[in-house]
Amino acid sequence: MTTATTPNARAATAARLKGLKCRECGTVVPIAPVYVCEECYGPLEVIYDYDEIRRQLTREKIEKGPRSIWRYMPLLPVSEDCIVTLHEGCTPLVPAPRLGKELGLTNLWIKNDAVNPTYSFKDRVVACAVSRAKEFGFDTVSCASTGNLGCSVAAFGGISGMRPIIFIPADLEPSKIVGISSYSPTLIAVEGNYDEVNRLCAEISATKNWAFVNINLRPFYSEGSKTLGYEVAEQLGWRAPDHVVLPIASGSLLCKVYKALHELETLGLIGKVNTRVSGAQATGCAPVASAFLEKRDEIVPVRPQTIAKSLAIGNPADGTYALDIIRKTGGGAAMITDEEIVVAMKLLARTEGIFTETAGGVTIGTVAKLAKQGVIGRDELVVAYITGNGYKTVEAIIPTLPKPIVIKPTLKEVERALGV
Ligand SMILES: *Cc1c(COP(=O)(O)O)cnc(C)c1O
Ligand SMILES: [Zn+2]
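Residues numbered from 1 in each chain as written. Chains lettered and ligands numbered in written order. Predicted model: local features only at pLDDT ≥ 70, side-chain atom pairs only at ≥ 80, totals over all residues. Heavy atoms only, no water.

Participant: Looking at this structure, how should I read the sheet that holds strand β4 (residues 93-95)?
Facilitator: Read across the sheet, six strands follow the order β4-β5-β13-β10-β11-β12 without closing on themselves; strand pairing throughout is mixed. The two strands at the open ends of the sheet, each matched to only one other strand, are β4 and β12 (333-336). On average, each strand axis in the sheet is inclined to that of its neighbour by 25 degrees, with strand direction left out of account. As paired elements, strand β10 (residues 243-247) and strand β13 (residues 382-386) share three bridges and run parallel to each other. Residue pairing in the sheet places valine 245 in a bridge with alanine 384 of β13. Of the strands in this sheet, β5 (108-112), β10, β11 (276-282), β12 and β13 are in contact with helix α15 (residues 358-372), which crosses β12 at around 125 degrees. (Pairing = 2+ DSSP bridges. Helix = DSSP H or I, 4+ residues; strand = E, 2+ residues; numbered from the N terminus. Axes fitted to C-alpha atoms, helices over the stretch in contact; angles between N-to-C directions. Contact = heavy atoms within 4.5 Å.)

Participant: What is the right way to read helix α1 (residues 7-16) from this model?
Facilitator: Every α-helix carries 3.6 residues per turn, so stepping three or four residues along brings you back to the same face. Listed as buried for α1 are Ala9, Thr13 and Arg16. What you see down the axis of α1 is that its buried residues fit within an arc of 70 degrees, all on one side. Exposed residues pointing more than 90 degrees away from the buried face of α1 are listed as Pro7, Asn8 and Ala14. The elements touched by buried residues of α1 are β1 (17-22), β3 (44-48), α2 (50-56) and α5 (122-136). (Buried < 20%, exposed > 50% of the residue type's maximum accessible area, 1.4 Å probe, protein only. Arc of directions from axis to C-beta.)

Participant: Would you mind showing me how to read the pairing of strand β6 (residues 140-144) here?
Facilitator: Along any regular strand the residues' side chains alternate between the sheet's two faces. Most of β6 is tucked away, with five of its five residues classed as buried. Every second residue of β6 is oriented toward a common face, with Thr140, Ser142 and Ala144 on one face and Val141 and Cys143 on the other, all of them buried. Both β6 and strand β7 (residues 163-169) contribute to a ladder of five bridges, which runs parallel. Across the sheet, residue alanine 144 finds its bridge partner in β7, namely phenylalanine 167. A crossover links β6 with its parallel partner β7, the connecting element being helix α6 (residues 148-160), and its sense is right-handed. Pairing of β6 with strand β9 (residues 211-212) involves two bridges; the strand directions are parallel. The partner of valine 141 across the bridge, within β9, is alanine 211. (Right-handed = clockwise from strand over helix to strand, strands pointing away.)

Participant: I tried to follow the coordination of the zinc ion (ligand 2) on my own but got confused; where do I start?
Facilitator: The textbook angles at a metal center are 109.5 degrees for a tetrahedron of four donors and 90 or 180 degrees for an octahedron of six. Taken together, Cys22 (SG), Cys25 (SG), Cys37 (SG) and Cys40 (SG) make up the protein donors of the zinc ion (ligand 2), found 2.3 to 2.4 Å from the metal. Coordination at the zinc ion (ligand 2) is tetrahedral: its four donor atoms span angles of 99 to 117 degrees at the metal. Counting gaps between the donor residues of the zinc ion (ligand 2) yields the pattern C-x2-C-x11-C-x2-C. You can call cysteine 40 partly exposed: its relative accessible area is 33%. (Donors = N, O, S within 2.8 Å, 3.2 Å for Na, K, Ca; no water. Tetrahedral: all angles 85-135°; square planar, octahedral: opposite > 155°, others 65-115°.)

Participant: Help me understand the packing of α6 against helix α7 (residues 174-181), please; the structure alone is not making it clear to me.
Facilitator: Working note: a packed helix pair is described by the angle between its axes plus the distance between those axes. Interhelical geometry of α6 versus α7 gives an angle of 15 degrees and a closest axis separation of 8 Å. As far as their axial angle goes, α7 and α6 are roughly parallel. In the crossing of α6 with α7, the sense of the turn from one axis to the other is left-handed. Here α6 contributes Asn148, Gly150, Cys151 and Ala154 to the contact with α7, which in turn contributes Lys176, Gly179 and Ile180. Tallied by class, the residues present in the contact of α6 with α7 amount to three nonpolar, three polar and one charged. (Parallel < 35°, antiparallel > 145°, perpendicular 65-115°, else oblique. Left-handed = near helix turned anticlockwise from the far one by under 90°. Nonpolar A, V, L, I, M, F, W, Y, C, P; charged D, E, K, R; others polar.)

Participant: How should the site of ligand 1 be read in this particular structure?
Facilitator: Taken together, 15 residues lie near ligand 1, and Lys122, Ala249, Ser250, Leu253 and Thr387 sit nearest. Serine 250 places a side-chain nitrogen or oxygen 2.5 Å from an oxygen atom of ligand 1. One of the backbone N or O atoms of glycine 251 is found 2.9 Å from an oxygen atom in ligand 1. If ligand 1 stood free it would expose 380 Å²; the protein chains cover 96% of that surface. Grouping the amino acids of the shell around ligand 1 by side-chain chemistry returns seven nonpolar, six polar and two charged. (Near = heavy atom within 4 Å. Polar contact = N/O pair within 3.5 Å; in protein donor to acceptor, adjacent residues only side chain to side chain. Areas by Shrake-Rupley, 256 points an atom, 1.4 Å probe, with all protein chains shown as cover.)

In structure tokens:
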């Protein structure tokens, strides 16, 4: 494969990236589109030269950077001239006093990632993966998706010059299929659940030279989630929150927000990090939360059955790492039923004017549960991560919404309908 990058950008990238390190046995291999360790089959993770990055990166430089995830470019595994961007990231971090009051929390904040270019946090990870795929010289970019990922790969793949091919489970919500199709990728609906689609894609990736963003590009893809940690710290005036609540699908987002905060500490950009990390899952797909609540070390795969389809990964790749972080930081976990998800979606919309998808209902439901149990302290600075937009999953909420009041266009009818 040819690489698209120029010598200068390549030298800068080579100086800050040390390679890919196995999270199990520690073996280090050069940067390449690989994701498992050849020694032990453990997952690979990008490692950096923090001394080199410390020389390049200051708060002032970041603050003067682009209003997107690329203000943190030195902490991402991509060369500057290969960036494919839709100006993702730099989403609002808003105080949530009315929701906080209802839940008994005095310092609750919402990180609203529902307003990314394709309306979910996946734009962060896909921006990284597609940029890196371009840098590696691939001509096809692909993924197995529960919806949001496919939407994002279709959009970024489309503008990148590579060919986007998206695989989804055939029973996906119609609104998500519309979202993906609108960017004109090749879209394949597989008759099976997400874990089966993912297995099929792993098989394809072994035979075709394609960039699967969440398979062979996974080490690069997952680094994009770190920007949700960096941004929150910067938006709080360069400090880490006391407590973060994150939804868990594969568990990658949770692990990477933790990694990000500790990287900022290592670089001297924020003080000592004592952030507690809590995980949110749906009752119908809670392999990590149930292991935590039952005090088990092993994650038992489940067959997902939940309206929170974007979190419906029954066999989460980063499950054990997520469980470990929740435990060692003194966080908690909760499981949220379909009914509770919808109640929480409506609660967030009513109190803070944010319409989130079912995954956001899982997160807010978890904040409510953990606050009630005292796992989240009343006065902690809590950040709840809203990762997707409500228009993605209208099917889940429509049956529970009241019908509008229908009237004739006269003042009398208004008065009669409203009793005023
Ligand atoms: C993908 C996704 C997540 C979390 O994904 P991980 O696999 O745990 O990194 C959370 N929320 C939404 C809406 C998602 O699409
Ligand atoms: Zn290994």
